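# Structural overview
Each chain, written out:
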Amino acid sequence: ESSYDPETDIGTTESSRFALADAFVLNTTSEIGGLSRMAAAMEEMDSEAFANGEQDPQAMMMEIYSELDFYNFSLSLTDEGLVDKALGFFAVQQGTTPETLRTNILTMMGALPAMAQGFGVDPNIAADLSAALSGFISGDAGELTISFDPETPFTLTELMHDPTQLTKERLGFSATAE
């Protein structure tokens, strides 16, 4: 269920759900502004240059998404078999067991705060994300939720140009596993 207000140029999604049987359910909510600016940026893109490989797809997407103002965004992923299936698949590729792979991933999740701090990311964001991902991957929690609910909207460009803005408080960031 989504709506768009052309006067404020804000799109609101009260509920969006995508499910894959025996794998996961993905629910999102959002309030995002700048949609008409994003559409204008998309219209200005040179589709031939993209098709011919002359346009860097990452740069193109950053240019498009840089037009958006994020008022809030929430993503919830409910595990209905995805984690175990993914672990089983990748364990076979790596010649190990799913439980060994799970243990290795959980060890990496424990190191996430230290690694993220080396990139200038707020350690509070990394700690919350690490704890939530660990709970989800371990199987102790069946739903992972990552949310942004800032006091004032933010843009991706703002965050990319000044990584010090990537704080838990500024982004209204939360990550939980239940």
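Residues numbered from 1 in each chain as written. Predicted model: local features only at pLDDT ≥ 70, side-chain atom pairs only at ≥ 80, totals over all residues. Heavy atoms only, no water.

Moving on, we come to the sheet that holds strand 1 (residues 2-5). Across the sheet, 6 strands lie side by side as 1-2-3-4-5-6; this open sheet has antiparallel pairing. The outermost strands of the open sheet, each flanked by one partner alone, are strand 1 and strand 6 (173-177). Sheet twist, expressed as the average angle between the axes of neighbouring strands with direction ignored, equals 10°. Here strand 5 (residues 143-148) pairs with strand 6 via 5 bridges, running antiparallel. Pairing of Ser147 across the sheet is with Ser174, part of strand 6. (Pairing = 2+ DSSP bridges. Helix = DSSP H or I, 4+ residues; strand = E, 2+ residues; numbered from the N terminus. Axes fitted to C-alpha atoms, helices over the stretch in contact; angles between N-to-C directions.)

Alignment of strand 2 (residues 10-20) against strand 3 (residues 24-33), held across 9 bridges, turns out to be antiparallel. Directly across from Thr12, in strand 3, lies its bridge partner Glu31. The antiparallel hairpin formed by strand 2 and strand 3 contains 3 residues in its connecting segment, where Asp22 sits at a positive phi of about 60°. Two strands pair when backbone bridges link them, and strand 3 and strand 4 (residues 69-79) are joined in this way by 10 bridges, in the antiparallel orientation. Residue pairing in the sheet places Asn27 in a bridge with Ser76 of strand 4.

Here we take up the environment of Tyr4. Relative to the helices and strands, Tyr4 resides in strand 1. With 48 residues separating them in the primary sequence, Tyr4 and Asn52 have C-alpha atoms 34 Å apart. Those residues within four positions of Tyr4 in sequence are excluded, and the remaining contacts are Asp9, Ile10, Gly11, Leu35 and Ser36. Looking at Tyr4, its side chain comes within polar contact range of the side chain of Asp9, at 2.6 Å. (Contact = heavy atoms within 4.5 Å. Polar contact = N/O pair within 3.5 Å; in protein donor to acceptor, adjacent residues only side chain to side chain.)

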